[in-house]
Structure formats: C-alpha cells, structure tokens
Amino acid sequence: MRSRGVIKGLGLLGTAALFLYTVSYVLFSRCQENPSDRVQRAADDNLLKKLEDIEQQISNLVKTLELSPKRNGVAGYQLEEPKEPEEPKEPKKPKEPKEPKKTKESKEPEKKLGYKKLFPDSHLFSNWGDHLTEEEQSEAQKFFVQYGYNVFLSDRLPLNRSLPDTRDPKCATKVYPKQLPSISVVLIYLDEALSVIKRAIRSIIDRTPAHLLKEIILVDDHSTNDDLKEKLDEYIRSIHQGKPDLIKKVRHKERLGLTQARISGWEAAVGDVVAIIDAHIEVHKQWAEPLLARIKEDRTVVVSPVFDRVNFDTLEVMQYIAAAHAFDWQLWCMYESFRPEWYALDDPSEPGKSPSVMGILVADRVFLGEIGVLDGGMQVYGGENVELGIRVWTCGGSIEVVPCSKIAHIERAHKPYAPDLNALLRRNALRVAEVWMDEYKNNVLISWNLPLKDHGIDIGDVTERKKLRDKLNCKPFKWYIDNVYPELDTWEDLVAYGAMRNDLSDQYCVDQGPVPGSIPILYQCHFYEPQNCYYRLSGEIYIGGIKSHKYNSNRCLVDPGEGHIPGLHDCKLANEKGFHTYWDFKQ
C-alpha cells in the first residue's frame, strides 16, 4: 500500500523536473538562435506542445491515485477489489516419495520420545506425570510414598484455586438466615503436607462468611514433619496480620490417634457449632450456611456435608452425589441410599437421614458434649464414626447429610500412618459392639470370623461408656435396626460359621475356588475368607463370605441336578431356576 504513495511522489517530482528542463532549454535556444535556426524553432515548438500533453496525462494519473483510497474506504491504504473465485482445479496426485537410501553417514530420523518412566508400577504415574524429568519423577514418588497423594503437584497449585460448583442448581437459589450460629472449624492432621494444610485454611477463610467463622483450630497429633513447625507458624502469622488470633494450634506431645485428636479440637473450640474435618480438604462456596441453618432449626441434629473426591494423583475434583453414610457388620464405612421418603420429595437439595457419619461431622458444640463427644478409647483409626452414629440416634439425636454443603476431600491411595487398617478396625469394631449392640454384637464377631467367646482381642476398658449409655437412657440397638437402618441383615437364623474340613483328609477345606468362577474346590486349609462358610437354618450354605445387607444376595452352594458338579450361584437366581439350595448338615 505504501508503494502507491511513493509512485505519487515520484510522479510529481518527475513532472516538475521535466517541465523546468524543457522551459529552460527552449528559452536558452531562443536567445541563441539566428535566422537560419527559425526552422528548428518550429520543430521545438512542436516538441514543447507534446511535452505539455505528457504533463497533463501525468497530472491526471496523480489525481486518479489520490481518489483511489477514498473509493476503497480506508484512508492511506489501497484495498484490492474482490475477484470472482476460480473454478478449483483437480490437484495433481503427488508422486510417492522414494525411501531414502541408507548410508553409513545417514541414519533414520529418531522419534522424539518422552522421559523414561522410572516408576511404571506406581499408582501416581498411571494417569499423570508423562512430562516430568527423571529427577522430578523421583521427587514426586518420594512424596507420594510419604503422604499417599500428589504433594509434588499440590506444591505447584495456587492456595486459592477455584473449585467447580458441583451442587444441585436448586442450592444456588436458597436463602439462609443472616443470623446463624458461629462456627469453630477443627482441622485434624498427622504429618500432612504443608501446602495441603495451607490450602485448606485458605479455602475456609475465603469461603466462610467472616461474621460466622469464629476460629480455625489446628490439631497436630504429634507430627514429625519439620514443615509443620516454623513454616506453618510463619503462614499463620501472615494470616494474623489481617485476622488476629483467627487460628489456634493444639499439638499432642505423643500420638493419641484420630478420635482423641477430634476430642482435643472440640475441647479447644468456643463457637456455637463445631465442625471436625480432615485437613486434606477444600471447602466449596457457601458450604457452612446450609449446615448452620439446619442446626439452628434443631440443635440435636448432627450434620455432614457431601464429599467430592479429589483424585490422589491429578488432584482433580470429581463430583459425588448425595448419599447416606452407613456401614457393614465389620463396621467398614460405605455409602447407602437414602430412605424412600427422601426420594419421594423429588428434591435433591433437601437433607436426608443417615444411619452414620463418615468422619467429617458438624454439630452443636454443647449438644455434642452432652452425648459424650467421641469414645476416647478408640485407637488410631476406624469405627469411631459408627459409634457416634449409633449413639446419636439411640440417645436422642439424629444424623443428616446436607446436599447443599460440599467439601472436596483428597482420597489417599494409602494411609502412611496405618498401612494395615484391618487389625485397628477389628479391635475398635469389637469395642463398639460390646457397648452398643446388645445381642447383635455377635454379628460383628461372625463378620470378622472370630469365635463368639474368648476372641483374645483387648478392646480396653468400656465401663465409662456403658455408664454413659445408661445415663443418657439410650434406646436398644434393635430399635436402631428397626427404625434407622433396617437394611442390615440381622443373621438371626445363622446356625454355624467357620471352615468345613474334609473328613477323609483334615488338612483340606472347602474353598470357593478361582474368582471369577463358580466351582468350589478342596484346598489346603488356611481359614481366610475364601474358606469362610455359613450355614443358615433354612439349609442354605454360603462359601466365601456372607453379605451384611438384605438387598445383597449371597453365593449359595447349589446342586444343579442331573449329576452335575455342585456350584456356587446367586441364591435368589438359583431359587428362581429351581436349583437345589437346601442342604442337610451333620457335624
């Protein structure tokens, strides 16, 4: 476009120079002429006229150039007129490239490869980490083994990262009272990653109304991680510059376990409501208001938010829908459907009744104290949530899950502080059964394949907890099953359980055989779950375990008839098909 302006300038200068030269030449010639030159002058006059015509043509050309940009609508630029598209021509087929000859000097081009995976069997690198150098992989794996989640990535994420709003759309339209109880948030940890704790604190401060947040209490169950000393204190001091004394720290002088750490947090709290939460969390926006509003309506209800899962490797947030918190007879936590009346409401934003609570609990601080807080005799981990659920329901309260309150919770790949949870949970489960389950305590023993008497496991002194039950005038456990958790199968018609030895060779026991598969076998006795057998009064024999809930079907030992080998089949399906599922058993 600039070439048009250049041509215009050169045209003007050229015209002026040519005109001046011509005039000068003619005048000089006339001054020097003699009579013999007059004929030549006539020729010169003709030349001058031709030059004047050329000048006029150049002048017209310049005017045309001056008008052209204005016609195109952009001052100073010449736009090309659109052209009619040409008919596309069929492209010529390219020739097949010849394979280059290999020579000593030339090699095949190397493909660009990613970094070598140093830990191909590590769960951390199954869906993440292809971009890491070998040095970074080693660092990430070290942290993963130490913490059970991706600390390498956590350290590189912003503390105030945004979270997707995974609530039901109705939740965003709800309006809560301005006057709500104050809340003390208790974060429990043992050798947690510093960045994870800092992010939990940041999310609570940013997403809890300041007039409701009374305090944040950090309970350290005797961590040995140096990062959780001065570096954490430094972060707390930075927060206190704008929010003095918002954060308290409670540190155990020795490791006391999860339950006692929660009790320590409750003891330090002064808010109207106490929220006891794991430290590896991030709260969603408007997480507190639905919980506080429900407790304001009824101080005897213990509530829990809905947990979204944070993947241990990518730290992405995965939406979980609302569900009740429940357990099996071994007292392992599990999700359960709400009662039918909740689904009849056809409103997924409404709170639902729950038989138990999964660790994160929010309660009126005084009411929680009145019913005995938590059982300090529980060790390390497991069972304390079920104990609380049974106690709350049978001693005058209730438990609800509140769908409009969401917390993102990191799901560890493993728990470094307790690699084998079975022994811990078994011990705690027997303690709960002894205090709260009356005649149904045998079901806990059966589920762990323990003898009904003299199981030999020390459950600690339960005298004070039994006194508390009497003091609170709590209902029997049968009431709890009938009214709160009727889905539990009570196993009342169970006649015998254990292993079935072979009479001809007592070193062999009946075993469920390969899974998947349906053919039981004889196998050397080891007395683990594949050889656990259960005989019911109806005559059914289960091999390989027994289900805790009525809605689940067990695997029955079945005689299909017609000389076929006995097999293991779903009891309900076997009965529908007319298979023989009832056995006479003699011992």
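Residues numbered from 1 in each chain as written. Predicted model: local features only at pLDDT ≥ 70, side-chain atom pairs only at ≥ 80, totals over all residues. Heavy atoms only, no water.

So, on to helix α12 (residues 421-436). The end-to-end C-alpha separation of α12 is 22 Å, in line with the 22 Å expected for 16 residues at 1.5 Å each. Counting buried positions over the 16 residues of α12 gives 12, a clear majority of the element. Listed in full, the buried residues belonging to α12 are Leu421, Leu424, Leu425, Arg427, Asn428, Ala429, Leu430, Arg431, Val432, Ala433, Val435 and Trp436. Elements in contact with the buried residues of α12: α11 (384-394), α13 (441-447), α14 (463-471) and α15 (477-483). Asp438, located one to two residues past α12, shows a positive phi value of around 50°. (Helix = DSSP H or I, 4+ residues; strand = E, 2+ residues; numbered from the N terminus. Expected span 1.5 Å × (residues − 1). Buried < 20%, exposed > 50% of the residue type's maximum accessible area, 1.4 Å probe, protein only. Contact = heavy atoms within 4.5 Å.)

Moving on to the state of the cysteines. Evaluation of the coordinates by the stated rule reveals four disulfides. Put simply, Cys171 and Cys404 are joined by a disulfide, and their sulfur atoms are 2.0 Å apart. Given an S-S torsion of about -80°, the disulfide between Cys171 and Cys404 has left-handed geometry. In this pair, Cys171 sits in the loop between α4 (151-154) and β1 (183-189) while Cys404 sits in strand β12 (residues 398-410), placing the two residues 233 residues apart along the sequence. In this structure Cys171 comes out as buried when scored by relative accessible area, which is 0%. Here the chain pairs its bonded cysteines, counted in sequence order, in the arrangement 1-3, 2-4, 5-6, 7-8. (Disulfide = S-S within 2.5 Å.)

What follows concerns the side chain of Arg412. For Arg412, the location among the structural elements is in the loop between β12 and α12. With a relative accessible area of 15%, Arg412 lands in the buried category. Side-chain polar atoms of Arg412 contact the backbone oxygen of Tyr147, separated by 2.5 Å. There is a polar contact of 2.8 Å between the side chain of Arg412 and the side chain of Glu192. Setting aside chain neighbours within four positions, we find Arg412 in contact with Tyr147, Gly148, Tyr149, Glu192, His280, Phe312 and Tyr417. (Polar contact = N/O pair within 3.5 Å; in protein donor to acceptor, adjacent residues only side chain to side chain.)

Turning our eyes to something else, we now look at the nonpolar core. Grouped together as the largest cluster of nonpolar side chains are 63 residues, with contacts concentrated most on Trp329, Leu368, Met437 and Val444. The element best represented in this core is α12, accounting for seven residues. (Core = buried A, V, L, I, M, F, W, Y, C linked by side-chain atoms within 4.5 Å.)

Once that is clear, we can look at the environment of Ile543. Here Ile543 shows up in strand β17 (residues 541-543). Expressed as a C-alpha distance, the spacing of Ile543 and Val510, which sit 33 residues apart in the sequence, is 8.0 Å. Ignoring any residue separated from it by four or fewer positions in sequence, one finds Ile543 in contact with Val510, Asp511, Gln512, Pro520, Pro530, Asn532, Cys533, Arg555, Leu557 and Leu568.

With 80% of its residues at a pLDDT of at least 70, the chain reaches an overall mean of 85. Under a pLDDT of 50 for its full length, residues 1-45 has, in the predicted model, 23 contacts with residues more than four places off or in other chains. Confidence drops under pLDDT 50 across residues 61-112; counting only partners more than four residues distant or on other chains, this segment forms 21 contacts. (pLDDT = per-residue confidence, 0-100.)

This paragraph deals with the pattern of salt bridges. Oppositely charged side chains can form a pair if their charged atoms are brought close together. Taken as a whole, this structure holds 34 salt bridges when the rule is applied. Residue Asp375 is joined to Arg431 by a salt bridge in which the shortest nitrogen-to-oxygen separation is 2.7 Å. In this pair, Asp375 sits in the loop between α10 (365-370) and α11 while Arg431 sits in helix α12, placing the two residues 56 residues apart along the sequence. Notably, a salt bridge pairs Arg536 with Asp493, separated by 2.8 Å at the nearest N-O pair. Taken together, the residues span a long stretch of sequence, with Arg536 in strand β16 (residues 533-536) and Asp493 in the loop between α15 and β13 (494-498) at a distance of 43 residues. Overall, Arg536 belongs to the buried group, its relative accessible area being 7%. By relative accessible area, which is 28% here, Asp493 ends up partly exposed. One connected set of salt bridges, linked through shared partners, spans Asp375, Glu387, Arg391, Arg431 and Arg465. (Salt bridge = Lys/Arg side-chain N within 4 Å of Asp/Glu carboxyl O.)

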